[in-house]
Amino acid sequence: MIFLKAGDPFPPVEKADEQGLLAVGGELNVKSLTSAYSRGIFPWYDSSQPVLWWSPDPRMVLFPEKLKISKSMKQLLKKDAFKITLNENFGEVLENCANIKRSGQEGTWITGEIKDQYQKLHELNIAQSVEVWKEGKLVGGLYGIYLRDKKVFCGESMFAKVSNASKFGFIKLVEKLRKEGVKLIDCQIYTDHLASLGAEEIPRKEFIKFLE
């Protein structure tokens, strides 16, 4: 683990510890975030901590062509059970991702500082959101970082207020990204939810090749 001062470059991802923690400190701004994502690094910390930068090995990813859609989800998609919009309510999606109660997790890593900087990334068309609507209400959504030049989308967080809402939005996003030629969706770390959608763990060095 390496301590960063303002303006320090990120160390090689191979320097990360067994948990994937690479560095502590430095600055959180548009420049550092775009540099981090392009190197396979992301911030994850709470308001009581300094900025923590991570690059886990293995890395959870989804190859768009391997997306799994269950029979029940296929029925919901066929019925257009939800309405989908893109980048219409980024701030609200961010707020909901920060405030949604998650089992086994106290507090949130989406701090005020994170919100401010990701809003700036959204204004630069780098951070993108998907909104999921039911009867005019925002019931789910997700956001992430779109590395267009590398054909990689880095998923950050999702929320659902009704069953299947975030999954519906995620599937619609993957279908859109696949049409745009995206080769890989970064899901960061393993969850059963992501595995059920076809995501898998690959060695970090393989993941980094997609960013080079």
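Since the structure is predicted, the reported quantities are computational estimates derived from the model, not experimental observations.

Calculation rules
- Residues numbered from 1 in each chain as written.
- Predicted model: local features only at pLDDT ≥ 70, side-chain atom pairs only at ≥ 80, totals over all residues.
- Heavy atoms only, no water.
- Salt bridge = Lys/Arg side-chain N within 4 Å of Asp/Glu carboxyl O.
- Helix = DSSP H or I, 4+ residues; strand = E, 2+ residues; numbered from the N terminus.
- Buried < 20%, exposed > 50% of the residue type's maximum accessible area, 1.4 Å probe, protein only.
- Core = buried A, V, L, I, M, F, W, Y, C linked by side-chain atoms within 4.5 Å.
- Contact = heavy atoms within 4.5 Å.
- 1 Å grid on protein atoms, 1.4 Å probe; cavity = no way out; pocket = protein on both sides within 12 Å on 5 of 7 lines; lining within 4 Å.
- Points joined across faces, edges and corners; volume = space filled by probe spheres on them.
- Nonpolar A, V, L, I, M, F, W, Y, C, P; charged D, E, K, R; others polar.
- Pairing = 2+ DSSP bridges.
- Axes fitted to C-alpha atoms, helices over the stretch in contact; angles between N-to-C directions.
- Phe/Tyr/Trp six-rings, centres within 6.5 Å; stacked < 30°, edge-to-face > 60°.

### So, the pattern of salt bridges
Next up, step 1: Taken as a whole and judged by the stated rule, the model has four salt bridges.
Next up, step 2: For the salt bridge of Arg-59 with Asp-186, the shortest nitrogen-to-oxygen distance reads 2.8 Å. With a gap of 127 residues between them, Arg-59 in strand β5 (residues 59–62) and Asp-186 in strand β10 (residues 184–188) connect regions that are remote in the sequence.
Next up, step 3: Of the charged contacts in the structure, one is a salt bridge between Lys-176 and Glu-180, with a shortest N-O distance of 2.9 Å.
Next up, step 4: The class for Glu-180 is partly exposed, based on a relative accessible area of 32%.

### Observations regarding the nonpolar core
Next up, step 1: Judged by nonpolar contacts, the single largest core of 45 residues is most densely connected at Tyr-37, Trp-53, Ile-110, Tyr-118, Tyr-143 and Ile-145.
Next up, step 2: A total of five residues in this core trace back to one element, the largest contributor, which is helix α3 (residues 90–99).
Next up, step 3: Excluding residues that lie within four positions of it along the chain, Ile-145 makes contacts with Tyr-37, Tyr-118, Leu-121, Ile-126, Ala-127, Val-152, Phe-153 and Cys-154.

### Remarks on unusual backbone geometry
Next up, step 1: The step from Asp-57 to Pro-58 runs through a cis peptide bond, and the omega angle for that step is 10°.
Next up, step 2: The residue Pro-58 is located in the loop between β4 (52–54) and β5 in this model.
Next up, step 3: One non-glycine residue with positive phi stands out, namely Asp-80, at about 50°.
Next up, step 4: Along the chain, the position of Asp-80 falls in the loop between α2 (71–78) and β6 (83–86).
Next up, step 5: When its relative accessible area of 53% is taken as the criterion, Asp-80 is described as exposed.

### Quick word on the layout of surface pockets
Next up, step 1: Taken as a whole, the second largest pocket encloses approximately 260 Å³ of empty space.
Next up, step 2: Taken together, 15 residues form the lining of the second largest pocket, with Gly-7, Asp-8, Pro-9, Phe-10 and Ser-32 sitting closest to its centre.
Next up, step 3: The biggest single contributor to the lining of the second largest pocket is helix α1 (residues 30–38), with three residues.
Next up, step 4: Partitioned by chemical class, the residues of the lining of the second largest pocket number four nonpolar, six polar and five charged.

### Topic: the sheet that holds strand β7 (residues 127–134)
Next up, step 1: Strand order in this open sheet of seven strands is β6-β7-β8-β9-β10-β5-β11, and the pairing throughout is mixed. Since the sheet does not close on itself, it has two edges, and those belong to β6 and β11 (200–202), each with one partner. Within the sheet, the average angular offset between the axes of one strand and its neighbour, ignoring direction, is 35°.
Next up, step 2: In the sheet, β5 pairs with β11 via three bridges, with the strands oriented antiparallel.

### Description of the packing of aromatic side chains
Next up, step 1: Scanning the entire structure with this criterion turns up seven aromatic pairs.
Next up, step 2: Between the aromatic rings of Phe-10 and Trp-53, the centroid separation amounts to 4.8 Å while the plane-to-plane angle is 70°, which identifies the pairing as edge-to-face. Of the two residues, Phe-10 sits in the loop between β1 (2–4) and β2 (21–25) while Trp-53 sits in strand β4, which places them 43 residues apart along the sequence.

### Describing the environment of Ile-114
Next up, step 1: Along the chain, the position of Ile-114 falls in helix α4 (residues 112–123).
Next up, step 2: Residues Ile-114 and Tyr-37, spaced 77 residues apart in sequence, show a C-alpha to C-alpha distance of 14 Å.
Next up, step 3: Not counting residues within four places of it along the chain, the set of residues in contact with Ile-114 comprises Leu-28, Pro-43, Tyr-45 and Trp-109.

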